[in-house]
Amino acid sequence: MPTIINDRPLSGTDRSAWLSPQTDSGAINVSPVFERVNYRNSGALQKTITTVTDDSIDPDNQGQDTIVDGFSITGEFSTNASKQSIKFLKWALQGATTSTYTQTSTDIEVNAAGELEITGTFTTIPKAGDVLFVKGFTNADNNKMVQVLSATATNIVLTEPLTTEAAGASVTITSNKMVNGDAPTLFAMQDRIRDLSRVDNTAFKTFYDGQIGSLTFTVPESGPLTSDFNVVAEKEVEGYAKIAGQTDAPKEVGILSGKKNVKRVLINGEGQTCRVVNFSVEVNRNLEEIVLAACPSVYAQGRLSVTGTLNLVTYISNSLKWRENYENQDYNSVAIHIEHPDGSNTAIVIPQFKFTEASIASGSGTLNSELSYSATGNTNVGGTIAVYTDWS
């Protein structure tokens, strides 16, 4: 019989990071459910101790002792995007679901002007700039993400008209909306490392009162969508044991691809078919660490910033369109429609921004418009960034 060797070098698959939402500040939930962060080539939770050197004058001419002065708990993750990434983006927004709208009716039609119209009333009147997910029309081209230009109780005018269709089909309109706020979503964080000297052969290091500091969501030219974010926490659980009653959520599946899962991009309400090369948005809470005597550091909210990039194909019918937009400092909006592998939908909407940089590439190949932007609050949508879903 061969000899079984239980010891070996620690590998990347022996370490993982897990998050669990908290109901209250200062306490991990009873029987918490942890979800593994699906990071790719980098990601770890780390407690870093800050030390100072004893500067006492001593004639023994020996090295001086170090003194613990504090500690910080941080983590950085690079992930391939999935539904989990949308959840974490919502955590970064630190907001609440401001409206939940689902209505199914056979009385909804697309009138001659391409507007949604109902015999009766819409149970929710959306605001200009809001996004709706429409399903059920006989004409498949009418079943998609749409953006609202204006609305009443019986009529919804869209930024792009649909194809006329009489009522009769069972049509469902859904829009669950979250905008940025200032109520942190706190969570427990657990760093797990395989260690055969521990119970369950794993060291469980748990921190809590964690929050996301910044998150960047990217739609690249090719390959999977990505989400990179950093976290901080204020407190730790002593030791390396499990939390009593803790369980693990099922593994998140369904990685998003730009080619397959990004269905529509609207800029200023207009579809940009085959025009968007890539897109990114960074939500930064600009947290400020406050160092306290005899206590762990705490984090105060800074002013939210929402910035990002757009890389667009430039057509000679209007080569300077986006550069002139930048020079005029016009306001713009963008909405990205993502269809998940399970058929559910998400839209990320930046309702009001200006370009802060604009250039047209040079060289012998295709010359794209390379743009950077910074967003500001929009009174109609009710925030600087919004996430809409037809799932909860």
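Read on for an overview of the structure. (Residues numbered from 1 in each chain as written. Predicted model: local features only at pLDDT ≥ 70, side-chain atom pairs only at ≥ 80, totals over all residues. Heavy atoms only, no water.)

1. Examining the overall build of the protein chain
No. 1: Summing up its helical and strand segments, the protein chain has three helices and 26 strands in all.
No. 2: Summarising its shape, the C-alpha atoms of the protein chain cover approximately 90 × 50 × 50 Å along the three principal directions.
No. 3: Within the span of the protein chain, comprising 392 residues, buried residues form 45% of the whole.
No. 4: Taking the intrachain contacts of the protein chain between residues at least 6 apart in sequence as the baseline, contacts between residues at least 24 apart amount to 70%.
No. 5: For the protein chain, the accessible surface area stands at approximately 19500 Å², while carbon and sulfur atoms represent 49% of it.
No. 6: Averaging the positions of the 29 positive and the 43 negative side-chain charges in the protein chain gives two centres separated by 6 Å. (Helix = DSSP H or I, 4+ residues; strand = E, 2+ residues; numbered from the N terminus. Buried < 20%, exposed > 50% of the residue type's maximum accessible area, 1.4 Å probe, protein only. Contact = heavy atoms within 4.5 Å. Areas by Shrake-Rupley, 256 points an atom, 1.4 Å probe, with all protein chains shown as cover. Lys, Arg positive; Asp, Glu negative; His and termini not counted. Charge placed at Lys NZ, Arg CZ, Asp CG, Glu CD.)

2. Focus: helix α1 (residues 83–93)
No. 1: By the criterion of burial, α1 is predominantly enclosed, with ten of the eleven residues buried.
No. 2: K83, Q84, S85, I86, F88, L89, K90, W91, A92 and L93 are the residues of α1 that are buried.
No. 3: Phi turns positive one or two residues past the end of α1, at Q94, with a value near 55 degrees.

3. A look at the pairing of strand β12 (residues 187–194)
If a strand is regular, its side chains alternate between the two faces of the sheet.
No. 1: With respect to burial, β12 is a largely interior element, six of its eight residues being buried.
No. 2: Sheet topology note: the strand β1 (residues 15–21)/β12 ladder contains seven bridges and is antiparallel. Residue S20 lies in a different strand from β12, and its bridge partner there is A188.
No. 3: Bridging between β12 and strand β13 (residues 202–219) involves seven bridges; their strand directions are antiparallel. Residue pairing across strands places R192 opposite F204, the latter belonging to β13. (Pairing = 2+ DSSP bridges.)

4. Section: the pattern of salt bridges
No. 1: Tallying each qualifying case throughout the model produces 15 salt bridges.
No. 2: The shortest N-O distance in the salt bridge between K47 and E236 comes to 2.5 Å. Separated by 189 residues along the polypeptide, K47 in strand β3 (residues 39–53) and E236 in strand β15 (residues 235–236) bring together distant segments of the chain.
No. 3: Judged by relative accessible area, E236 falls into the buried class, the value being 15%.
No. 4: Residues D248 and R192 are paired through a salt bridge, measuring 2.8 Å at the closest nitrogen-oxygen approach. Of this pair, D248 sits in strand β16 (residues 247–248) while R192 sits in strand β12, and the two are 56 residues apart along the sequence.
No. 5: Residue classification places R192 among the buried positions, given a relative accessible area of 8%.
No. 6: A network of salt bridges, in which partner residues are shared, links K47, K205 and E236. (Salt bridge = Lys/Arg side-chain N within 4 Å of Asp/Glu carboxyl O.)

5. Here we look at the environment of G302
No. 1: One can find G302 in the loop between β21 (295–300) and β22 (305–312).
No. 2: Distance in space between the C-alpha atoms of G302 and E288 is 6.3 Å, their sequence separation being 14 residues.
No. 3: Residues in contact with G302, not counting those within four places in the same chain, are R285, N286 and L287.

6. Here we look at the pairing of strand β11 (residues 171–179)
No. 1: Burial within β11 is extensive, with eight of its nine residues counted as buried.
No. 2: Of the strand pairs in this sheet, strand β5 (residues 97–105) and β11 are connected by eight bridges, and their pairing is antiparallel. By the bridge assignment for β11, T97 is matched with M178.
No. 3: Across three bridges, strand β8 (residues 131–135) lies against β11 in antiparallel orientation. The partner of F133 across the bridge, within β11, is T174.
No. 4: Taken together, the four bridges between β11 and strand β26 (residues 386–389) define a ladder with antiparallel strand orientation. Its bridge partner being in β26, N176 is matched across the sheet by T389.

7. So, the packing of aromatic side chains
No. 1: For the structure shown, the criterion picks out nine aromatic pairs.
No. 2: Between F88 and W91, the aromatic rings sit 5.1 Å apart at their centres with planes inclined by 50 degrees, giving tilted as the arrangement. Of this pair, F88 and W91 both sit in helix α1, three residues apart, which is roughly one turn of the helix.
No. 3: By relative accessible area, which is 11% here, W91 ends up buried.
No. 4: Taking the centre distance of 5.3 Å and the plane angle of 55 degrees together, the rings of F88 and F229 count as tilted. Here the residue F88 occupies a position in helix α1, and F229 occupies one in strand β14 (residues 226–233), the gap between them amounting to 141 residues. In terms of burial, F88 and F229 fall into one category: buried.
No. 5: Three or more aromatic residues joined by ring pairs make a cluster, and in this case those are Y39, F77, F88, W91, F187 and F229. (Phe/Tyr/Trp six-rings, centres within 6.5 Å; stacked < 30°, edge-to-face > 60°.)

8. Describing the environment of L256
No. 1: Here L256 lies in the loop between β16 and α2 (258–261).
No. 2: Each residue touching L256, except ones within four places of it in the same chain, is listed here: A81, S82, P224, L225, N261, I338, E339, H340 and P341.

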